[in-house]
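Architecture and fold: a report
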Amino acid sequence: MRVSDLRMGFVERLRDHLLESGYTIDGVRERLGDTAAAALSREELVPALRATTGGDPLAVLIRLFWLGASVPEVPPAVRDSGLVSLVDGAYRSTVHLQPWESDHYVVSDRKVRPGDPALRTDHVVGAGGASGNLAQLVTRRPVESALDLGTGCGVQALHLAGRASRTVATDVNPRAVELAELSWRLSGVHGVEGRVGSMFSPVSDERFDLVVSNPPFVISPGGRLTYRESGEEGDGFCRELVRQAARHLNPGGQAHFLANWMHVNGDDWRDRVGGWLAETGCDGWVVQRDVQDVAEYVELWLRDAAEQGTAAYAEHYDRWLGWFEAQKVEAVGFGWITMRNSGSLDPVVRIEQMTQQVELPVGDYVDDVLDAIAVAHRTLDLDSARLVLVDGVLDERIGLPGAEDPSRIVLRQTRGLRRSADVGTVEAALAGVCDGELAVGPLLNVIAELVGGDRVHADQLRPLIAEGYFTLA
Ligand SMILES: C[S@@+](CC[C@H](N)C(=O)[O-])C[C@H]1O[C@@H](n2cnc3c(N)ncnc32)[C@H](O)[C@@H]1O
């Protein structure tokens, strides 16, 4: 199927039919009910099939396009779409077409399910958990130009619609660009240009205000699935993505990537990923959200390709583990990489592990996170700076009942990244009084006199500023 070959007007007709039938996220959820919807999110189809036996337009669309089932009849808007084939007297969809946020639609290859034949190497994967994670991370700030590298089914470009005046979306897989174009047209989204090519080659010397990528980050020995394995050695694709991104960012431009990185025996993962950013000249924020040991990692991706239960499973598992062993890889980190072309001669990169639940979407406040990291690093004279406590920070005290003083004081963020920090009495008292009126150095001295805690120099507040407890007035 080529989108360009599809009959004029069919996409618009199909979109109208999808919307009129209530084939939207809310419509499907309501039709399935909580139990079947939850089962479907675990890829269990039986409850959803039971909830869609009516033969009405919505039930037909859910069965056909989401569950991948055959249906005896389809309306003309579906039959003429070029997206279904007639097999043994029943209609079967050639794609997976599912509603997405804001009345958008995402088109990908049919989902692979246990028992299906092995995936074709150019399989175009649909929007999944990782797609949603990246979309949550990307800045909400409107931009003039954006690049979605490795667009796949086109879902990130859909998320950028309305926020970027112009989006270029690239993929090394021509079928991905075809299906992505269909996703954009079916979603009524214009202003996205699809281009075929590897890495940054389709945008040679172009620069953007925003670059996003949910890349083929899976680390495997000679993996053959383009949607998840780049063919680069180890975590080399993510490394190159970071290294080359800086050359494609306008001044002030930002990049947001998901990535995987190897934990190699004896090395600190922070040095590894920090090394990727070191030469870029960009400010950076790297967050490790999860770590899996090599066995968990291999199982995850064998499951992803529906390989469990197949004859090749044990052999593939063994070969993959053997390769990790030869590379001295003990675990794999999953996380976010955010870069900003700040233009500073003194770029700052913060690398951290963060596993707590954070407020979503991070994109609403990711610019503030980068600002805080930069301010903490670059404000030369903190002593004379005026600070204010960031909204939503609470003071928690823990101690033995009846004790005069707490044994622990914690500043806790109730918003944003929801961090918590153990602090001393002086920092805690500062949090209670700093309203931006007085310079922080003299204020700290007065507080130390009053509360009698250890003297605190303004420079010692840098970590609390970088982590978003205090900000400049
Ligand atoms: C994990 S999928 C992401 C799809 C989609 N952007 C999302 O967020 O769900 C990674 C995509 O990168 C593409 N890809 C793989 N190797 C690439 C390369 N060398 N250059 C550009 N894209 C590549 C794959 O074809 C696939 O569509």
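Residues numbered from 1 in each chain as written. Predicted model: local features only at pLDDT ≥ 70, side-chain atom pairs only at ≥ 80, totals over all residues.

Before going further, it helps to examine the overall build of the chain. When its secondary structure is counted, the chain shows 16 helices and 17 strands. With the C-alpha coordinates aligned to their principal axes, the bounding extent of the chain is approximately 85 × 50 × 50 Å. Looking at the chain as a whole, 40% of its 473 residues qualify as buried. Nonlocal contacts in the chain, meaning residues at least 24 apart in sequence, comprise 68% of its contacts between residues at least 6 apart. (Helix = DSSP H or I, 4+ residues; strand = E, 2+ residues; numbered from the N terminus. Buried ≥ 20, exposed ≤ 12 C-beta atoms within 10 Å, placed from the backbone. Contact = placed C-beta atoms within 7 Å.)

So, about the domain arrangement of the chain. What the domain assignment reports for the chain is domain 1 (3–93), domain 2 (129–357) and domain 3 (387–472). Distance between the C-alpha centres of domain 1 and domain 2: 31 Å. Domain 1 puts four residues into the contact, and the matching count from domain 2 is six residues. Looking at the side of domain 1 that touches domain 2, its residues break down into three nonpolar, no polar and one charged. (Domains from an automatic or database assignment. Nonpolar A, V, L, I, M, F, W, Y, C, P; charged D, E, K, R; others polar.)

Taken in spatial order, the three strands of this open sheet run S14-S15-S16, and their pairing is antiparallel. Across the chains shown, the open sheet's two edge strands, defined by having one partner strand only, are strand S14 (393–398) and strand S16 (420–423). For this sheet, the mean inter-axis angle between neighbouring strands, taken without regard to orientation, is 25°. Where strand S15 (residues 408–413) meets S16, four bridges bridge the pair, whose relative direction is antiparallel. Bridging from a neighbouring strand, Val 410 pairs with Asp 422 of S16. (Pairing = 2+ DSSP bridges. Axes fitted to C-alpha atoms, helices over the stretch in contact; angles between N-to-C directions.)

This next bit is on the packing of helix H11 (residues 294–304) against helix H12 (residues 313–326). Running from N to C, H11 and H12 point in directions that differ by 140°, and their axes come no closer than 10 Å. It follows from the interaxial angle that H11 and H12 lie oblique. Our pair here, H11 against H12, has a crossing hand that is right-handed. Contact residues: H11 offers Val 294, Ala 295, Val 298 and Leu 302, while H12 offers Tyr 313, His 316, Tyr 317, Trp 320, Leu 321 and Phe 324. Looking at side-chain class alone, the contact of H11 with H12 contains nine nonpolar, one polar and no charged residues. (Parallel < 35°, antiparallel > 145°, perpendicular 65-115°, else oblique. Left-handed = near helix turned anticlockwise from the far one by under 90°.)

Attention now moves to the pairing of strand S1 (residues 84–87). The two faces of a sheet get side chains in turn, since along a regular strand they alternate between them. With four bridges joining them, S1 and strand S2 (residues 90–93) adopt antiparallel strand pairing. Across the sheet, Leu 86 pairs through a bridge with Tyr 91, a residue of S2. The antiparallel pairing of S1 with S2 creates a hairpin that spans two residues between the two strands, and Asp 88 there sits at a positive phi of about 50°.

Let's shift gears to the packing of helix H14 (residues 425–433) against helix H15 (residues 440–451). Packed helices, taken two at a time, are described by the angle between their axes plus the distance between the axes. Direction vectors running N to C along H14 and H15 enclose 115°, while the axes themselves pass 9 Å from each other. In this structure, H14 crosses over H15, and the sense of that crossing is right-handed. Note on element contacts: H15 touches H14 through Leu 443, Leu 444, Ile 447, Ala 448 and Val 451, opposite Thr 425, Val 426, Ala 429 and Leu 430. Looking at the contact of H14 with H15 residue by residue, the class counts come to eight nonpolar, one polar and no charged.

Right, let's get into helix H4 (residues 57–66). An α-helical segment advances 3.6 residues per turn. Residues three or four places apart therefore align on the same side. Of all 10 residues that make up H4, seven are buried, and the element is covered over most of its length. Every buried residue belonging to H4 is among Val 60, Leu 61, Ile 62, Arg 63, Leu 64, Phe 65 and Trp 66, and all of these are buried. Immediately downstream of H4, the backbone of Gly 68 shows phi near 75°, a positive value.

Another aspect to go through is the site of the ligand. Among the 25 residues in the neighbourhood of the ligand, the closest are listed as Ser 131, Gly 150, Gly 152, Val 172 and Asn 214. For the shell around the ligand, the secondary-structure elements that each account for two or more residues are helix H6 (129–137), helix H7 (155–160) and strand S6 (164–171). Taken together, the residues of the shell around the ligand sort by class into 12 nonpolar, 11 polar and two charged. (Near = placed C-beta within 6 Å.)

Glancing now at unusual backbone geometry. For the bond running from Leu 360 to Pro 361, omega is -5°, close enough to zero to count as cis. Position of Pro 361 relative to the elements: it lies in the loop between strand S12 (349–353) and helix H13 (366–378). Positive phi outside glycine occurs at Asp 88, with the angle close to 50°. Here Asp 88 is to be found in the loop between S1 and S2.

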